[in-house]
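Chain residues, written in single-letter form:
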Amino acid sequence: MSGTRSALKPMSVGHPDGRSPYRNRLSGVTQCGLFVALWFGGSPACADMLLYYNFDDASDPQTAFDQSDRRNHGVIGVGVYTEGGRGRSGNPADRALDFLNGFDGAYIDVPAAIDGAFDSMVENDSATIAMWTFGGEFQPQNHFAFWFAEAEADPRQLSAHIPWSDGVIYFDVNGCCDATQRISQAEPDDTKWRGQWNHYAFVKDGEFTRIYQNGELWLEGQGMGPLLAIHNVRFGNGGGAPGNLSYNGLLDDIGVWDEALDQDQILNLMDNGPIR
């Protein structure tokens, strides 16, 4: 499948006991850090995963079940689970979430945000938001792929358009939309945002921001302001009352970390998934 590095979703990355380098620190930092060092040849480190939606459990059509240890389940509004086999791997049990045509106000809200579920991102001034996207027929269209904000409406702290109606992919941090808050670039290849699966990772690393497209560094910037409070988190739509800024298409394997994943980690995430 064009735009992906692997047609499979393995259960693990080959660790003898099935551990992944993306397990939460609460599950054992020593083993995790050692495995990352051996696997990637780098210094021991592992990112703290705050949320992971694989959308494979459709037992409650209004809940996106968090597969991390954090239980940051999402509330689904309007969007619907696909049938098995329509997730990014194509495996029979793999589902995605369909945000429909972009005009229906589909979204996922994360209620735990108000209780501090994402405070560590602010404390670290670091974050990674990753997802697989399959843009629908109405792309490019005005939408938010994700929205992390101090309050329901604003000021936004992390948000992205993949792309906006102008064909430009935007990544905003610490507000919008000046040079200390935004990186953006046109993507003229419409296969990168419509009609096939593509992987995107948006990284905040102190003053630096980066966008990875299908595992490759696609855009970077520096001089960005720090993250402030994050008490409102939404996927597939923007802040305020859900309106006509919802994503047109499918999203799968949404993950959030409170650290800046590097390129090797993002490539491994694409190929193997963070936890199984």
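One can find the structure itself at the top, above this paragraph.
Note that the coordinates shown come from a computational prediction; the quantities given were computed from them, not determined experimentally.

### Describing the overall build of the protein
From N to C terminus, the protein includes 3 helices and 16 strands. Considering the protein as a whole, with its 276 residues, one finds that 57% of them fall into the buried category. Intrachain contacts of the protein at a sequence separation of at least 6 include 66% that bridge at least 24 residues. Surface summary for the protein: the accessible area is close to 10,600 Å², and the carbon and sulfur share equals 50%.

### So, the sheet that holds strand β6 (residues 107-109)
Either a parallel or an antiparallel arrangement is found when strands of a sheet pair, and the pairing is made through backbone hydrogen bonds. Strands sit in the order β2-β3-β6-β15-β8-β9-β10-β11 across an open sheet of 8 strands; the sheet is antiparallel. Looking at which strands have only one partner, the edges of the open sheet turn out to be β2 (63-64) and β11 (182-186). Two elements, strand β8 (residues 146-149) and strand β15 (residues 232-235), share 4 bridges in a ladder whose sense is antiparallel. Residue pairing for β15: F148 is matched across the bridge by V233.

### Things to note about the side chain of T128
Considering the arrangement of structural elements, one finds T128 in strand β7 (residues 126-135). In terms of polar contacts, T128 uses its side chain to reach the backbone amide nitrogen of L261, at 2.9 Å.

### Topic: the pairing of β8
Side chains F146 and F148 of β8 all project onto a buried face; the interleaved residues W147 and A149 project onto the opposite face, where all are buried too. As defined by bridge partners, β8 adjoins strand β9 (residues 156-161) across 4 bridges and the pair is classed as antiparallel. Residue pairing across strands places W147 opposite S159, the latter belonging to β9. If you look at the hairpin formed by β8 and β9, you'll find 6 residues sitting between the two strands.

### Topic: the environment of D253
Within the element layout of this structure, D253 appears in strand β16 (residues 249-257). Accessibility expressed as a relative area gives 6% for D253, which makes it buried. Here the side chain of D253 touches R88 through a polar contact of 3.4 Å, side chain to side chain.

### Here's the deal with the packing of aromatic side chains
The geometry of an aromatic ring pair is captured by the separation of the ring centres together with the interplanar angle, meaning the angle of the planes. In the structure shown here, the tally under the stated rule is 14 aromatic pairs. Between F55 and Y81, the aromatic rings sit 6.3 Å apart at their centres with planes inclined by 70°, giving edge-to-face as the arrangement. With F55 in the loop between β1 (49-53) and β2 and Y81 in strand β4 (residues 80-81), this residue pair connects regions lying 26 residues apart in the sequence. With relative accessibility at 2%, the residue F55 sits in the buried group. With 6.2 Å between their ring centres and 20° between their planes, Y200 and F202 make a pair best called stacked. Taken together, the ring pairs in this structure connect Y53, F55, Y81, F118, F146, F148, F171, Y200, F202 and F235 into an aromatic cluster.

### Some thoughts on the pattern of salt bridges
As enumerated under the stated definition, the model contains 9 salt bridges in all. Two residues, R70 and D48, come together in a salt bridge whose shortest N-O distance is 2.9 Å. You can see R70 sitting in the loop between β2 and β3 (74-77) and its partner D48 sitting in the loop between α1 (29-40) and β1, a full 22 residues away along the chain. Under the relative-accessibility criterion, D48 is labelled buried at 9%. With a closest N to O distance of 2.8 Å, D125 and K204 form a salt bridge. Taken together, the positions of D125 in the loop between α2 (119-124) and β7 and K204 in strand β12 (residues 197-205) put the pair 79 residues apart, joining distant regions of the chain.

### Description of the state of the cysteines
The final tally for this structure, using the stated rule, is 1 disulfide. Bridging C176 to C177, the disulfide has an S-S length of 1.3 Å. As the torsion about the S-S bond is roughly 60°, the C176-C177 disulfide counts as right-handed.

### Let's talk about the side chain of N232
Of note, N232 is situated in strand β15. At 3.4 Å, the side chain of N232 and the side chain of W147 are in polar contact.

### Regarding the pairing of strand β10 (residues 168-173)
Most of β10 is tucked away: 6 of the 6 residues are buried. Pairing between β9 and β10: 4 bridges, direction antiparallel. Bridging from a neighbouring strand, L158 pairs with V173 of β10. Once β9 ends, the chain turns through 6 residues before running back antiparallel as β10, passing G167 with a positive phi of about 80°.

What counts, and where the lines are drawn
- Residues numbered from 1 in each chain as written.
- Predicted model: local features only at pLDDT ≥ 70, side-chain atom pairs only at ≥ 80, totals over all residues.
- Heavy atoms only, no water.
- Helix = DSSP H or I, 4+ residues; strand = E, 2+ residues; numbered from the N terminus.
- Buried < 20%, exposed > 50% of the residue type's maximum accessible area, 1.4 Å probe, protein only.
- Contact = heavy atoms within 4.5 Å.
- Areas by Shrake-Rupley, 256 points an atom, 1.4 Å probe, with all protein chains shown as cover.
- Pairing = 2+ DSSP bridges.
- Polar contact = N/O pair within 3.5 Å; in protein donor to acceptor, adjacent residues only side chain to side chain.
- Phe/Tyr/Trp six-rings, centres within 6.5 Å; stacked < 30°, edge-to-face > 60°.
- Salt bridge = Lys/Arg side-chain N within 4 Å of Asp/Glu carboxyl O.
- Disulfide = S-S within 2.5 Å.

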